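One letter stands for each residue in the lines below.
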Amino acid sequence: MGSGKIRGQLLKGTTPLLVLTILRNGELYGYEIAQRIRERSGGAFAPSEGSLYPALHSLEAGGALQATWRDSDKGPRRRYYKITPKGGALLAEHEQEWTSFATAMARSVA
Amino acid sequence: MAKFVGALLASAVLILGTAVWARGFALPVSIAVLLAWAIVGDVELAHRDARAASRNKAPEERGEGPLPATALDYLARLDAELELPAPTRAEIRAELADHLSDSIAAIQADGRDLGFATGEALVRLGRPDELARRLRKAHQTPRRLLAGAAGGVWSAGVGAVQGTIVAATVGLIAAFTIGFGLRPVVDFVATHAIPIEFDPNDLAVGTAMGAALAWIPAFVAGRRAVKACASISARPARQVGRFWALAGILALGWLVVFVLTVQQSWMVVGFELAIPVSFAAGALFKVDAHFPAVAGSWLAVVGGLLLIGPIVLGSVLGGFSVTSGSSGFSTSYTDDSIGWNHVAPHSPDQSINLGYSGSVVGGAPTINVQDPASLSAFHDLRIEAWRANAYPGAPSGPAGDDLGLLDTSYSAPYATAPAVVGADGTIEDPISLIHSRTPKWWIFLTGVGSDGQRYWLGSRPFLVDRTFSGTIWDWVTASS
């Protein structure tokens, strides 16, 4: 915690929210998504890469994300993920839940 | 593409050539066109799948940025644990290979060597079996399983229609081959070598061919169901194939055993039971392979069996028969040689004139007595039904239908009923034969004379030649 990293147990279940939030701004591939989450959280959130891909595939299977193989700017073809309207609605739902949870937690531990 | 155009041109030539040569053969031509398109469609689908698989190949297979051996080993172990359809596995493998490549490069950029960077990148992904389990869970949702089941049922229906088109075409080819191609050969052999007779309309040949052709739609339906279900539910074809095989055996087995009503014989029972087996074979046999791969090695074998099998079966079961010489079938027989006197002695009064009318199956047969007074010398009149066998050497058709050899292995009739002579001289025959598998019967009118001896009456008894129409269950539970 001292280095700003958050305990894994607290992050449990937040990966879909983080993924959808990151993808709100455009298409990205798996490695980029992991990097963006790390960057935006200042290194505090480092979701296990082993849970990132199952989350991506689960969101895709549920219709929240759409994946396409296409050439990257440099290097080989990548699997890019894009948020769908269904994913947008799911994100709004997750955000509301998280806000309620965070507010309640803040009040409880204050 | 070249094959596609070639198949298209070949189809066009075939259609035009057939249309010019055989005007009026609209149905065979239509079926040939549909078959050609079905084959072309399948070839194209296979090519498309192959192209898709090529796109989804992992980077090292495409020659793009080889990964260290430990990373490749990790991906191989992950792949082995995934238990997902091949295209999905290929996509996951390619995606994670990209990820590892980026991850290793990023760690190396921080000044670490390749070995350390690879190890670190793999640690971040976690154990391959655990990652595989999570990915499998992400893909194999209950909703997809339900959709896969529904898609499988739909595809089974589509496959049955496709298979029926193929079967009809094969049947037409077989019919033409046997009717026009084989017949002259048989005639030549019959004239110059063995006195052989071939009847392509014989029930044994027809049943064998018809039932064998029903296996094709069943096989195609099973195969299509599994492929669709596996694709939609994100499960390996081998895995869902077992369930489809079982479901097919139960559903089609129930259908052929308890519902399907046809003219039965032990041979037909065997062929009918092979229909669900054929579905199960379609669901299990090389179900991961594409159509051309299977067709390449098996189409000729299956086609050959479909053409040759019925002929062999027909030969064994009666389609072919060797005649007894140019004199043909002799109809001379005596009351003893045909077995009638096994029932009782023939009445000394030969003037009793009887007739038989009506159908044993579904009708109310009657014995008509021209002169009821002629029966006054007899009492305890009764109708007796005795089993009969085909008369040796009798040809099929009307000439042979009129005779049957009484089965003297039975010491008693199958059934008897009192014969009551009506005012108009008719005797109703109430004996039901529908619960027996025996096709030929002799129906006797017998009576006890003034000497206390029972005789069979009339100039001859009546032959009933019936076919057993019912389900397999009816057939199996019927008496012999």
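Everything numeric in this text was worked out from a predicted model, so none of it was measured.

Quick look at the overall build of chain B
Consideration 1: In terms of regular secondary structure, chain B is built from 14 helices and 13 strands.
Consideration 2: Burial status across chain B gives 32% buried among its 480 residues.

A few points about the packing of helix α2 (residues 15-23) of chain A against helix α3 (residues 30-40) of chain A
Residue and element names in this part refer to chain A.
Consideration 1: Where α2 contacts α3, the axes come no closer than 10 Å and their chain directions differ by 100°. Classified by the angle their axes make, α2 and α3 are roughly perpendicular. For the pair α2 and α3, the contacting residues are Leu 18, Val 19 and Ile 22 in the first and Ile 33, Arg 36 and Ile 37 in the second.
Consideration 2: For the contact of α2 with α3, the class distribution of residues is five nonpolar, no polar and one charged.

Describing the interface of chain A and chain B
Consideration 1: Contact with chain A, which involves 15 residues of that partner, is made by 22 residues of chain B.
Consideration 2: Elements that contribute at least two residues to the side of chain A that touches chain B include exactly α3, α4 (49-61) and β3 (77-83) of chain A.
Consideration 3: Considering every element that reaches the side of chain A that touches chain B, the biggest residue donor is α4 of chain A, with eight residues.

Examining the sheet that holds strand β9 (residues 426-428) of chain B
Residue and element names in this part refer to chain B.
Consideration 1: In space, the three strands of this open sheet follow the order β4-β5-β9, with antiparallel pairing throughout. Whereas interior strands pair on both sides, the edge strands pair on one side only; in this sheet they are β4 (354-357) and β9. In this sheet, adjacent strand axes meet at a mean angle of 25° when their direction is disregarded.
Consideration 2: Where strand β5 (residues 366-369) and β9 come together, three bridges link them in antiparallel fashion. When the bridges of β9 are listed, Ile 367 appears paired with Ile 427.

With respect to the sheet that holds strand β2 (residues 65-71) of chain A
Strand pairing within a sheet occurs via backbone hydrogen bonds; the two strands may be parallel or antiparallel.
All names here are of chain A.
Consideration 1: What the three strands build is an open sheet, ordered β1-β3-β2; its pairing is antiparallel. Two strands close off the open sheet at either side, each with one partner strand: β1 (28-29) and β2.
Consideration 2: Pairing geometry for β2 and β3, over seven bridges, is antiparallel. Note on β3: the bridge partner recorded for Gln 66 is Lys 82.
Consideration 3: Across the sheet, α2 is in contact with β1, β2 and β3; its angle to β3 comes to roughly 95°.

Brief notes about helix α7 (residues 128-139) of chain B
Consideration 1: The first and last C-alpha atoms of α7 of chain B sit 16 Å apart over twelve residues, in line with the 16 Å expected at 1.5 Å per residue.
Consideration 2: Within the span of α7 of chain B, buried status applies to Pro 128, Leu 131, Ala 132, Leu 135, Ala 138 and His 139 of chain B. With its buried residues spanning 120° around the axis, α7 of chain B presents them on a single face.
Consideration 3: Looking at the buried residues of α7 of chain B, the elements they touch are α4 of chain A together with α4 (69-82), α5 (86-109) and α6 (114-125) of chain B.

A short note on the environment of Arg 460 of chain B
All names here are of chain B.
Consideration 1: Within the secondary structure layout, Arg 460 lies in the loop between β11 (454-456) and β12 (462-465).
Consideration 2: Residue class for Arg 460 comes out partly exposed when judged on the 14 C-beta atoms lying within 10 Å of it.
Consideration 3: Along the chain, Arg 460 and Phe 444 lie 16 residues apart, while their C-alpha atoms are 8.2 Å from each other.

Regarding the nonpolar core
Consideration 1: Core analysis: the biggest nonpolar cluster contains 43 residues, and Val 19 and Leu 56 of chain A have the highest contact counts within it.
Consideration 2: Listed by contribution, the elements that provide at least two residues to this core are α2, α3, α4 and β3 of chain A together with α4, α5, α6 and α7 of chain B.
Consideration 3: Broken down by element, this core gets its largest block of residues, seven residues, from α5 of chain B.
Consideration 4: Among all residues touching Val 19 of chain A, those that are not within four sequence positions of it are Ile 33, Ala 55, Leu 56 and Leu 59 of chain A.
Consideration 5: One finds Val 220, Val 226, Trp 244 and Ala 247 of chain B within the second-largest nonpolar core, a separate group that totals 40 residues.

Looking at the confidence of the model for chain B
Should the pLDDT be low somewhere, the predicted coordinates at that spot are not to be read in detail.
Residues and elements named next belong to chain B.
Consideration 1: On average, residues of chain B score 76 in pLDDT, and 66% of them are at 70 or above.
Consideration 2: Every residue in residues 53-64 is under pLDDT 50, and counting partners more than four places away or in other chains gives 27 contacts.
Consideration 3: The low-confidence segment residues 317-328, where pLDDT is below 50, has 24 contacts with residues more than four positions distant or belonging to other chains.
Consideration 4: This prediction of the complex comes with two scores: 0.65 for pTM and 0.86 for ipTM.

About the thresholds
- Residues numbered from 1 in each chain as written.
- Chains lettered and ligands numbered in written order.
- Predicted model: local features only at pLDDT ≥ 70, side-chain atom pairs only at ≥ 80, totals over all residues.
- Helix = DSSP H or I, 4+ residues; strand = E, 2+ residues; numbered from the N terminus.
- Buried ≥ 20, exposed ≤ 12 C-beta atoms within 10 Å, placed from the backbone.
- Axes fitted to C-alpha atoms, helices over the stretch in contact; angles between N-to-C directions.
- Parallel < 35°, antiparallel > 145°, perpendicular 65-115°, else oblique.
- Contact = placed C-beta atoms within 7 Å.
- Nonpolar A, V, L, I, M, F, W, Y, C, P; charged D, E, K, R; others polar.
- Pairing = 2+ DSSP bridges.
- Expected span 1.5 Å × (residues − 1).
- Arc of directions from axis to C-beta.
- Core = buried A, V, L, I, M, F, W, Y, C linked by C-beta atoms within 7 Å.
- pLDDT = per-residue confidence, 0-100.

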